[in-house]
Amino acid sequence: MRAGGSDARRRRRLTNDIKENLRELSVQLSLLNHHVGVRAELKDVDLDCLDLIVRHGPLSPSALARRAGLHPATMTGILDRLEKGGWIARERDPDGPDRRAVSLRALKDRNGELFELFAGMNAAMDTLFADYSDEQLQTIQDFVRRTTVAGHHATEALAAD
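Here's what I pulled together on the structure shown here. (Residues numbered from 1 in each chain as written. Predicted model: local features only at pLDDT ≥ 70, side-chain atom pairs only at ≥ 80, totals over all residues. Heavy atoms only, no water.)

Some words on unusual backbone geometry
Among all residues save glycine, negative phi is the norm, and among peptide bonds the norm is trans. This is how the line gets drawn: Numbered from the N terminus, helices here are DSSP runs of H or I no shorter than four residues, and strands are runs of E no shorter than two. Exposure categories follow from relative accessible area, calculated using a 1.4 Å probe and restricted to protein chains: below 20% of the type maximum is buried, above 50% is exposed, and the middle band is partly exposed.
The step from Gly-57 to Pro-58 runs through a cis peptide bond, and the omega angle for that step is 0°. If you trace the backbone, Pro-58 turns up in the loop between helix 2 (44-56) and helix 3 (61-68). One non-glycine residue, Glu-41, lies in the positive phi region at around 60°. As for its position among the elements, Glu-41 is in the loop between helix 1 (2-40) and helix 2. Glu-41 gets classed as exposed once you look at its relative accessible area, which sits at 74%.

So, in structure tokens, the structure goes:
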């Protein structure tokens with residue numbers, strides 16, 4: 001019976017350590033994104049929205065607002081700054097519900113600038129991944145994917161309150 005209690009304590013310590021490391025990772029990634037944004041002359045929220053457009057676009061402004069968890073009225077200022085900075089284009093959406101429908105598309109002209117700013121982290125990740133087997137990488141990928149889904153659900157639950 002003692003071994004079972006010891007195993008439970010060890011598992012609890014391990015899971016708490018993982019949670020603490022994830023919190024620290026969140027802070028470090030937030031700081032990295034902030035510094036990238038400063039160098040690219042983008043506010044943190046602008047960089048987040050640009051990333052969403054790059055990964056999921058083209059998007060309508062309302063779809064972007066939903067993905068970003070922002071009020072649609074907030075999007076106007078963000079989109080104005082991104083467009084003025086040469087990061088995105090607003091284009092008429094021929095498939096939209098009316099003539100005013102707009103689609104947001106990331107402009108590729110400045111992608112290299114962001115890629116360069118994230119190059120240090122990408123290189124560090126490549127070095128880190130080299131230490132793991134394919135099977136371990138699959139486990140890590142599954143963990144990260146499932147953690148992302150859990151975070152998405154927690155965010156939705158808080159936003160709904």
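We are not done yet, so read on.
A closer look at the side chain of Ser-103
Applicable threshold: Pairs of residues are marked as contacts when any of their non-hydrogen atoms sit within 4.5 Å.
Residue placement: Ser-103 occurs in strand 2 (residues 102-106). The buried category is assigned to Ser-103, whose relative accessible area is 13%. With residues up to four places along the chain from it excluded, the contact list for Ser-103 reads Pro-58, Leu-59, Ala-89, Arg-90, Glu-91 and Asp-93.

Let's talk about the pattern of salt bridges
Where we set the bar: Between Lys or Arg on one side and Asp or Glu on the other, a salt bridge is scored when a side-chain nitrogen of the former is within 4 Å of a carboxyl oxygen of the latter.
All told, the structure shown has 10 salt bridges when counted by the stated rule. Note that Asp-80 and Arg-90 form a salt bridge whose closest N and O atoms lie 2.9 Å from each other. Placement of Asp-80 in helix 4 (residues 72-84) and of Arg-90 in strand 1 (residues 88-92) is noted, with a sequence separation of 10 residues between them. Given a relative accessible area of 30%, Arg-90 falls into the partly exposed group. Arg-90 is paired through a salt bridge with Glu-83; the nearest N and O atoms lie 3.2 Å apart. Since its relative accessible area comes to 34%, Glu-83 is described here as partly exposed. Because the salt bridges share partners, they merge into one network encompassing Asp-80, Glu-83 and Arg-90.

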